[in-house]
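Examining the three-dimensional arrangement
Now for the letters of each chain:
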Amino acid sequence: MIKIQEVSKSFGDRKAVDQLSLEIRAEENLILLGASGCGKTTMLKMINRLLTPDTGQIFINNKNIWDQSAVDLRRNMGYVLQNTGLFPHYSVAQNIAIVPHLLKWDKKRIEKRIDELLEKLHLSTRYRSMYPHELSGGQQQRVGLARALAAEPSILLMDEPFGALDNVTRAKIQEEFIALDELKRKTIIMVTHDVQEAFELGDQICLMDKGKVVQTGAPEDLLFRPSSPLVTDFLNEQRLQLEFKVIQLQALWKWLPPGSGPATTAALPSKTTLWRALAYFKYRGAEALQILDRERNELKAVQFEQLMAAFYQYKKNIVA
Amino acid sequence: MNEPQQTLWNYMSQQADKLLIQTLQHIGLTFISLSIATLVGLPLGILIARKESLSGPVLGVAGILQTIPSIALLGFMIPLLGIGIKPAIVALFLYALLPIIRNTYTGITGVDAHVKEAAVAVGLNRWQLLLQVELPLAMPVILAGIRTATVINVGVATLASYIAAGGLGEFIFGGISLNNTHMILTGAIPAALLALLFDFSLSRLQKLSVKKLRKIAVTAPLLFALLSLLYFVPNTAYGSKLTAGFTPEFMGRQDGNIGLEKIYGLKIHTVVINDAVMYKAAYEKQLDVISGYSTDGRLKAYNLVILKDDKGVFPPYYAAPIVRNESLIKFPDLEKTLNLLAGKIDDSVMTELNYQVDYLHRSPDKVAEAFLKSQGLWKEDRSKKTGVVRLGSKIFGEQYILASIYSQLIRGYTNYEVATKTGLGGTKICFDALVNDQIDFYPEYTGTGLLAILQPSRGTIDSLGGDKDKTFAYVKNAFKKSYGITWLDPIGFNNTYALMMRQAQANALAIKTISDLKQYLERK
């Protein structure tokens, strides 16, 4: 859907983006991941033409973005910034309505859309007439997201959208983000330097360094099939946690002991991540967990030690 | 304490009509120029906020304009725009420009970069960005600029009275020249109140929310236009074939405009103007009749002619040295020497000498020496010093010339050294210095001695009837009695108020006297 071809951009002598090529499929979440100054934000801003590439082409649905007007391009593309960029002199409702307004939607449709978005983003309607400075950081970020989604764009660009939030608020909003139905149908390109966030939200992760792509792939690919030591190094510090988050129980299936009897309602689906399963042991104080694979129609019952053993088997297998 | 307040109030209520007119003119001047400055400054500010490279030059030029002294700026305007409202508006406009441009620029460049980026990113075009985001968010800063400009303009607009554009300055500068505190305050208090009122109103605007401001933004231009129109409301002055320009002082004096109206019944369309630009304005046909001084050098420079005061409104101002009696005894040769000049300088000679100093910018010493040589009075400095004569003068060209002539005479004809204390401000300072034995003598004028120093009753002044010799005899006698000061013989010229016109026009209209002028004006 979005095709980036050999794009370069320099600021003075510094090459921010260097011969970068990338493809993003429709309805996919692509995360541009990297340390500060790796060029990820520069790349993002070239997609909605806030910045102009020195060389290279960008196509959306096979159409060169430079063949259409910048204003039209941007109105069909949501944009969420770390500092929200809400208009301080507009109320919440006016902020959300900016793009529908520019697109000359009729008034009723705009009002309906505002109500719909407020509800989806868990904002009470009493916020409608409030101004951004009267809201908390988390609420502001929700309004920022609502503004980006208002005109139902098919593409969403997000520049460190949760970067300015405290840990608790960030975790909560990330969870809502994952659960938000409307986002599942969108092509999203998100910039972040937070590895955990990238692994939780991304279908695909593009790891960047010094303006170049180091590796693009699914989270598991980066973890278990790194293309260079650079990738390994970047992920090493949080490797164990990332692995727990990436691996689903079904991947360990053959090393898990079979269960018996009928499945209880507490049985975990096999698509649950290892991280979640471990959390169950901890919070539920359970002796053993039932895991149900609906496709195979099989049931397993594991204790904590058995689960960890299966994980090590899996890892050994991959390395070998 | 109660009484002076009472009399100020009385003065103000006496002058209520004039005060109202001048206040309206003042408001009008302020807002006409402010409106133009906003119309020009706002787009310029926006332009330089967009094109950063232009901001240096534009702000630089506006800053330089701001530093030009207001009087000088008004002076530059006259050759280009004449006198009256046009140059006043242009000058006020130029002063209001900098704060408006600068604050527009600062306001717009100060808008949060994230908000601007978001605005562009959601698809606002350039105009939408400006009108929906940048201007609303910069508005408090822009309003602060307009507020500064308003207060500056209320202040500078007082100077509009220098160039016949009216305003409260007429009271203020008239009051200063006439040493009339009530008159000064009658102009100064309303001007200060106007500044406070506008400052306060705009400060309230500044604090309003953007939403309310948007509504006001529609009404503000209308309000500005209405306030600007106030300038043109008070056109009560009678029109006539000729236009006169009188100084604020002349307007307020019995032996000035008041006397002209009372004794001649002269009715002429009059504007108030500063004497620094008055002569030039007459020369450039902006004015037809002006109130000048009869020996002013510009009379010659600009080819003006004095109308004869056939009914004697203007009292004689014959110049003569006035000397302390003790000094005459201490320096026995002094009287004889000073009297060498008696009757030697008539009006036209004095005008010529003033012309050389004021207009051709020759030094008073050189002019004095040349004059004495032409009269055969000049002698080499004796340089045998037996005592020092202290000589004073007021602070204008004619007095400097007289002081130079006298010191050269004293050095050439006596053995005394001369210490000159020139530039002793006005009459009061000079005369006090003489009375208190700080100087021995200075040149004074009979009219000044009579009206400014002695200040006798109206009856006494009327009994002198403006007669040159009677006046001289009266002041000579009174000074001797009251102060122990002697008036020596008059030098010859009469530096009095005079009405003057361009020579060519006076000839063409066959106007020689003030009565001729009156008749010409009344002819249909």
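Residues numbered from 1 in each chain as written. Chains lettered and ligands numbered in written order. Predicted model: local features only at pLDDT ≥ 70, side-chain atom pairs only at ≥ 80, totals over all residues. Heavy atoms only, no water.

**Description of the environment of B:Arg411**
Residues and elements named next belong to chain B. Applied cut-off: Secondary structure elements are defined from DSSP: runs of H or I of at least 4 residues count as helices, runs of E of at least 2 residues count as strands, and each element is numbered from the N terminus. To sort residues, take the accessible area from a 1.4 Å probe on protein chains only and compare it with the maximum for the residue type: under 20% means buried, over 50% means exposed, and anything in between is partly exposed. By definition in these notes, contact holds between two residues if any of their heavy atoms fall within 4.5 Å.
When you line up the elements, Arg 411 lands in helix α19 (residues 397-413). Taking relative accessible area as the criterion, Arg 411 reaches 26% and is therefore assigned partly exposed. As for Arg 411 and Trp 378, which are separated by 33 residues in sequence, their C-alpha atoms are 10.0 Å apart. Leaving out residues up to four positions away in the same chain, Arg 411 has contacts with Glu 380, Asp 381, Arg 382, Tyr 416, Glu 417 and Val 418.

**A few points about the packing of helix α12 (residues 239-246) of chain A against helix α13 (residues 274-284) of chain A**
Residues and elements named next belong to chain A. We count it as follows: The axes are straight lines fitted to the C-alpha atoms, using for helices just the contacting stretch, and the angles between their N-to-C directions are given from 0 to 180°. Orientation is classified from the angle alone, with under 35 degrees giving roughly parallel, over 145 giving roughly antiparallel, 65 to 115 giving roughly perpendicular, and any other angle giving oblique. Basically, the charged four are Asp, Glu, Lys and Arg, the nonpolar ten are Ala, Val, Leu, Ile, Met, Phe, Trp, Tyr, Cys and Pro, and anything else, Gly included, counts as polar.
Closest axis-to-axis distance for the α12/α13 pair is 5 Å, and the angle between their directions is 95°. Classified by the angle between their axes, α12 and α13 sit roughly perpendicular to one another. In this structure, α12 contributes Gln 241, Phe 244 and Lys 245 to the contact, and α13 contributes Leu 274, Trp 275 and Leu 278. Split into classes, the residues belonging to the contact of α12 with α13 amount to 4 nonpolar, 1 polar and 1 charged.

**Here we look at the nonpolar core**
Applied cut-off: Definition of nonpolar core: a set of buried residues of the types Ala, Val, Leu, Ile, Met, Phe, Trp, Tyr and Cys, connected through side-chain atoms within 4.5 Å.
In this structure, A:Ile96, A:Phe177, A:Phe199 and A:Leu307 are the most contacted members of the largest nonpolar core, which totals 78 residues. In contact with A:Phe177, other than residues within four places in its own chain, are A:Asn29, A:Leu145, A:Met158, A:Phe162, A:Leu183, A:Ile188, A:Met190 and A:Leu201. Ranked by size, the runner-up nonpolar core spans 72 residues in total, among them B:Leu34, B:Ala49, B:Ala88 and B:Tyr279.

**Re the sheet that holds strand β5 (residues 63-64) of chain A**
Residue and element names in this part refer to chain A. This is how the line gets drawn: Only strands that DSSP links by at least two bridges are regarded as paired with each other.
With antiparallel pairing, the 4 strands of this open sheet are ordered in space as β2-β1-β4-β5. Single-partner strands in this sheet number two, and they are β2 (14-24) and β5. Along the sheet, helix α1 (residues 40-47) contacts β1 (2-11), β2 and β4 (55-60); its crossing angle with β1, the most-contacted strand, is approximately 120°.

**Thoughts on the sheet that holds strand β12 (residues 288-293) of chain A**
All names here are of chain A. What the 3 strands build is an open sheet, ordered β11-β12-β13; its pairing is mixed. Single-partner strands in this sheet number two, and they are β11 (268-269) and β13 (298-303). Across the sheet, α13 is in contact with β11, β12 and β13; its angle to β12 comes to roughly 150°.

**Comments concerning the domain arrangement of chain B**
All names here are of chain B. We apply this condition: Domain start and stop points were drawn from an automatic or database domain assignment. For any pair of parts, buried area is found by adding up, for both, the accessible area (1.4 Å probe) each one loses once the two are put together. Any carboxyl oxygen of Asp or Glu within 4 Å of a side-chain nitrogen of Lys or Arg constitutes a salt bridge here. A 3.5 Å cut-off defines polar contacts: any pair of N or O atoms within that distance qualifies, except that in protein one atom must be a possible hydrogen donor and the other a possible acceptor, and neighbouring residues in sequence count only when both atoms are side-chain atoms.
By domain assignment, chain B separates into domain 1 (8-232), domain 2 (243-314 + 499-523) and domain 3 (319-495). With centres defined by C-alpha atoms, the gap from domain 1 to domain 2 works out at 35 Å. Domain 1 puts 13 residues into the contact, and the matching count from domain 2 is 14 residues. For the domain 1 and domain 2 pair, buried surface summed over both sides reaches about 1200 Å², with 70% attributable to carbon and sulfur atoms. Seen at the junction of domain 1 and domain 2, the total is 0 salt bridges. Here domain 1 and domain 2 share 0 residue pairs in polar contact (both at pLDDT 80 or more) between them. Elements with a contribution of two residues or more to the side of domain 1 that touches domain 2: α4 (70-81) and α8 (169-177). The element contributing the most residues to the side of domain 1 that touches domain 2 is α8, with 4 residues. Its residues placed into classes, the side of domain 1 that touches domain 2 shows 8 nonpolar, 4 polar and 1 charged.

**Some details on the layout of surface pockets**
Residues and elements named next belong to chain A. Note the following rule: Using only the protein atoms, space was sampled on a 1 Å grid; points where a 1.4 Å probe fits but cannot get out form cavities, open sets with protein on both sides within 12 Å along at least five of seven lines form pockets, and lining residues are those with an atom within 4 Å of a point. Grid points are joined across faces, edges and corners, and a volume is the space filled by probe spheres set on the points.
One number sums up the size of the second largest pocket: a volume of about 1500 Å³. Lining the second largest pocket we find 43 residues, and of these Ile 178, Phe 199, Glu 200, Leu 201 and Lys 245 sit closest to its centre. Every element with two or more residues in the lining of the second largest pocket is listed here: α7 (167-179), α8 (181-184), α9 (195-201), α10 (219-224), α12 and α13. Per element, the largest residue contribution to the lining of the second largest pocket is 7 residues, and it comes from α7. Grouping the amino acids of the lining of the second largest pocket by side-chain chemistry returns 20 nonpolar, 9 polar and 14 charged.

**A word on the side chain of A:Gln141**
Residue and element names in this part refer to chain A. Here Gln 141 shows up in helix α6 (residues 137-149). Accessibility expressed as a relative area gives 4% for Gln 141, which makes it buried. The contacts of Gln 141, once residues within four sequence positions are left out, are Val 80, Leu 81, Gln 82, Thr 84, Pro 161, Leu 165 and Ile 173.

**A closer look at the interface of chain B and chain A**
On the side of chain A, 21 residues touch chain B, which itself brings 19 residues to the contact. Carbon and sulfur atoms make up 66% of the area that chain B and chain A hide from each other, which totals about 1700 Å². The largest per-residue losses of area from chain B upon contact with chain A belong to B:Glu117, B:Ala121 and B:Val122, which jointly make up 32% of the total buried on that side. Run the count over chain B and chain A and you get 1 salt bridge. A salt bridge links A:Lys45 to B:Glu117; the shortest N-O distance between them is 3.0 Å. Across the contact surface, chain B and chain A share 6 residue pairs in polar contact (both at pLDDT 80 or more). Listed by contribution, the elements that provide at least two residues to the side of chain B that touches chain A are α6 (113-121), α7 (126-156) and α10 (210-229) of chain B. Among the residues making up the side of chain B that touches chain A, the classes are represented as 11 nonpolar, 5 polar and 3 charged.

**Points about the side chain of A:Ser8**
Residue and element names in this part refer to chain A. Structurally, Ser 8 can be placed in strand β1. We classify Ser 8 as buried; its relative accessible area is 7%. Of the polar contacts made by the side chain of Ser 8, one reaches the backbone nitrogen of Gln 19; its length is 2.9 Å. For Ser 8, the contacting residues outside a window of four places in its chain are Val 17, Asp 18, Gln 19, Pro 53, Asp 54 and Thr 55.

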